[in-house]
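Listed here are the chains, written in short residue letters.
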Amino acid sequence: MTVIHVPGSKSVTARALFLAAAANGTSTLVRPLSSDDTEGFAEGLTGLGYEVVRKADHWRIAGRPAGPAATEADIYCRDGATTARFLPTLAAAGARGTYRFDASAQMRRRPLAPLTEALRTLGVDLHHEAAEGHHPLRISAAGIKGGELTLNAGQSSQYLTALLMLGPLTAEGLRITVTELVSAPYIEITLAMMRSFGVEVVRGGPGNNVFTVPPGGYRATTYAVEPDASTASYFFAAAALTGREVTVPGLGKDALQGDLRFADVLRRMGAEVHTTTESTTVRSTGKLRGLTVNMRDISDTMPTLAAIAPHASGPVRIEDVGNTRVKECDRLEACAQNLRRTGITVETGPDWIEILPGTPRAAEIATHGDHRIVMSFAVAGLLTPGLTYDDPGCVGKTFPRFHEAFAEFAELMTRQESGPENSGQAPAARR
């Protein structure tokens with residue numbers, strides 16, 4: 001059995017940084033993810049005047065319930081969607097200040113409109129400097145009273161998460177009615193983490209889509225960041241594809257992240273999945289069945305499934321993933337394009353992709369600067385030697401040492417057949 005320790009969750013780390021910055025007191029984040037996205041978030045907080053001390057295995061954040069210490073700041077959000085959506089929301093709650101936010105060309109293309117329109121509804125003085133509904137933007141903060149909102153979060157659950165986390169910082173709290181919601185498990189992460197920082201959100205109403213967020217702020221805490229379930233999907237998929245076994249500690253029955261449900265997709269394809277309170281194990285014979293699966297709630301793992309789909313015994317059809325077209329790239333089309341480059345027959349629609357069985361050939365993968373495209377096709381590369389990438393370094397967004405870690409992991413897996421004395425722990429994947 002191969003045991004792999006994957007880095008901390010990007011989604012959890014980003015939320016923890018927001019909540020710690022907003023809390024009353026100093027919080028400690030244990031084993032946060034250190035990557036381009038999260039370091040960009042931390043630097044953004046520093047630019048806004050928050051005190052952030054980063055050590056190897058923990059980060060300390062001195063909270064400021066009143067908002068940023070800086071009254072003027074120009075913040076560059078890099079490629080990070082959580083940074084680009086959460087930090088402006090945090091700054092808008094401040095009592096005073098003028099803040100400009102910009103991002104990479106890739107992030108400038110990604111939509112912000114549902115969030116910034118909601119902030120305007122709450123009275124925030126907000127101006128998009130170029131294309132409406134996109135970065136760059138400028139905010140003049142003067143505190144937020146609160147009130148009622150109607151929100152369409154059908155493109156990204158991050159819009160709702162940003163507003164939920166904002167609620168306790170307003171004078172009167174928020175009542176948010178959600179008309180559409182994608183990636184719903186991420187909202188469960190948000191609600192659970194807000195609870196850890198002392199805030200209980202009441203959820204109810206029609207479809208359980210009305211969220212009542214009380215005012216009163218957050219309290220500081222020590223918060224342990226669990227491993228990234230999206231990253232774990234590559235290692236689970238590798239075991240399922242090659243007929244091996246892998247265990248990921250720290251992602252057990254009580255894990256916050258919905259992307260752990262990817263293991264259930266592999267189970268439907270024929271793999272064995274065993275989840276305890278402390279870990280999840282996937283083992284397989286290497287024989288995978290085709291299936292039709294709705295991945296709306298776990299769409300970040302769609303590329304993982306797409307990359308291994310040609311090796312299934314029947315077609316793999318992935319449905320309700322239209323939101324993947326507005327991620328770091330159009331992931332649905334990127335997967336289709338790259339699979340076709342390897343000789344695989346693929347059909348797509350507005351929100352679905354269907355992949356037929358076949359034997360992929362070596363090709364250069366067009367990454368579009370998207371870390372998940374690289375990591376997904378690295379799994380496919382276990383059975384297709386010669387796959388290359390036009391931008392392998394873009395994995396730095398969430399897992400800077402992915403290539404080294406995955407290579408050592410693959411080497412350990414090849415030794416599994418030699419007996420348990422050769423099984424072990426992938427050292428390059430340790431945090």
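Here the structure is shown first, and the text comes after it.
All residue numbers here refer to positions counted from 1 along the written sequence of the relevant chain. It should be noted that, the model being predicted, local features are given only for residues of pLDDT at least 70 and side-chain atom pairs only at 80 or more, the latter also being counted only at that level, while totals for whole chains, interfaces and linings use all residues. The basis for the side-chain values is all heavy atoms of the structure; hydrogens and waters are excluded.

Q: I'd love a proper account of the overall build of the protein, names of residues and values included.
A: Note on conventions: DSSP H or I runs of at least 4 residues are helices, E runs of at least 2 residues are strands, and numbering of each starts at the N terminus. From N to C terminus, the protein includes 13 helices and 24 strands. With respect to the three principal axes, the spread of C-alpha positions in the protein is 60 × 45 × 40 Å. Exposure categories follow from relative accessible area, calculated using a 1.4 Å probe and restricted to protein chains: below 20% of the type maximum is buried, above 50% is exposed, and the middle band is partly exposed. Residue burial in the protein is summarised as follows: out of 431 residues, 59% are buried. A separation threshold of at least 6 residues defines the contact pool for the protein, and within that pool the share at least 24 residues apart is 72%. In this tally, Asp and Glu contribute negative charge and Lys and Arg positive charge; neither His nor the terminal groups of the chain are included. Charge positions are represented by NZ for Lys, CZ for Arg, CG for Asp and CD for Glu. Distance from the positive charge centre (43 side chains) to the negative charge centre (46 side chains) of the protein: 2 Å. Here a residue-residue contact requires only that any non-hydrogen atoms of the pair lie within 4.5 Å.

Q: How would you explain the sheet that holds strand β5 (residues 58-62) if you had to name every residue and give the values?
A: Two strands qualify as a pair provided that DSSP identifies no fewer than 2 bridges between them. Ordered by their spatial adjacency, four strands build an open sheet running β4-β5-β3-β15, and the pairing between neighbours is mixed. Each having just a single partner strand, β4 (51-54) and β15 (222-224) make up the two edges of the open sheet. Strand-to-strand twist of the sheet, defined as the mean angle between neighbouring strand axes without regard to direction, takes the value 15 degrees. Here strand β3 (residues 26-30) pairs with β15 via three bridges, running parallel. Looking at β15, one finds that L29 is bridged to Y223. Fitted lines through C-alpha atoms give the axes, limited to the stretch in contact for helices. The angle between two N-to-C directions lies from 0 to 180 degrees.

Q: Any chance you could break down the pairing of strand β13 (residues 210-213) for me, citing the residues and the numbers?
A: With four bridges connecting them, strand β11 (residues 174-181) and β13 associate as antiparallel partners. Each residue of the ladder has a partner; that of R175, found in β13, is T212. Judged from the three bridges that link them, strand β12 (residues 202-204) and β13 form a sheet pairing that is antiparallel. Each bridged residue has a counterpart across the sheet, and for R203 the counterpart in β13 is F211. Linking two consecutive strands that pair antiparallel, namely β12 and β13, is a turn of five residues; a positive phi of about 75 degrees is found at G205 within it.

Q: Which residues make up the side chain of R372, and what values do they have?
A: Structurally, R372 is set in helix α12 (residues 371-380). Not counting residues within four places of it along the chain, the set of residues in contact with R372 comprises S230, T231, Y234, D300, P303, R331 and T398.

Q: Explain the packing of α12 against helix α13 (residues 402-414) to me, using residue names and the numbers behind them.
A: For any two helices packed against each other, the geometry is given by the interaxial angle and the distance between the axes. Contact pair α12 / α13: the axes reach a minimum separation of 12 Å and the direction vectors enclose 20 degrees. Judged on the interaxial angle alone, α13 and α12 are roughly parallel. In this structure, α12 crosses over α13, and the sense of that crossing is right-handed. Only F402, H403 and F406 of α13 make contact with α12, whose side of the interface consists of V374, M375, A378 and V379. For the contact of α12 with α13, a count of residues per class yields six nonpolar, one polar and no charged. An angle counts as roughly parallel when it lies under 35 degrees, as roughly antiparallel when it exceeds 145, as roughly perpendicular when it falls between 65 and 115, and as oblique in every other case. What makes a crossing left-handed is the near helix being turned counterclockwise from the far one by less than a right angle; a clockwise turn instead makes it right-handed. Any residue outside Ala, Val, Leu, Ile, Met, Phe, Trp, Tyr, Cys, Pro, Asp, Glu, Lys and Arg is labelled polar, Gly included; the first ten of those are nonpolar and the last four are charged.

Q: Lay out the pattern of salt bridges with the relevant residues and their values.
A: Between Lys or Arg on one side and Asp or Glu on the other, a salt bridge is scored when a side-chain nitrogen of the former is within 4 Å of a carboxyl oxygen of the latter. Across all of its chains, the model carries 27 salt bridges by this definition. With its nearest N and O atoms 2.7 Å apart, the salt bridge here joins D102 to R108. Given a relative accessible area of 11%, D102 falls into the buried group. As a salt-bridge pair, K327 and D300 come within 3.4 Å of each other at their nearest N and O atoms. A residue pair is termed long-range when its members are at least 10 positions apart, and K327 in the loop between β20 (316-319) and α11 (331-341) and D300 in the loop between β19 (291-294) and α10 (302-308) qualify at 27 residues. The same class applies to K327 as to D300, namely buried.

Q: Give a detailed account of the side chain of S156, specifying residues and quantitative values.
A: Turning to its location among the elements, S156 is positioned in the loop between β10 (147-153) and α6 (158-166). Whenever a nitrogen or oxygen atom comes within 3.5 Å of another N or O atom, the pair is scored as a polar contact, on the condition that within protein one atom can donate a hydrogen and the other can accept it, and that pairs from neighbouring residues in sequence are kept only if both atoms are in side chains. A polar contact of 3.2 Å, which involves the side chain of S156, links it to the side chain of R85. Residues contacting S156, with those up to four places away along its chain left out, are R85 and V182.

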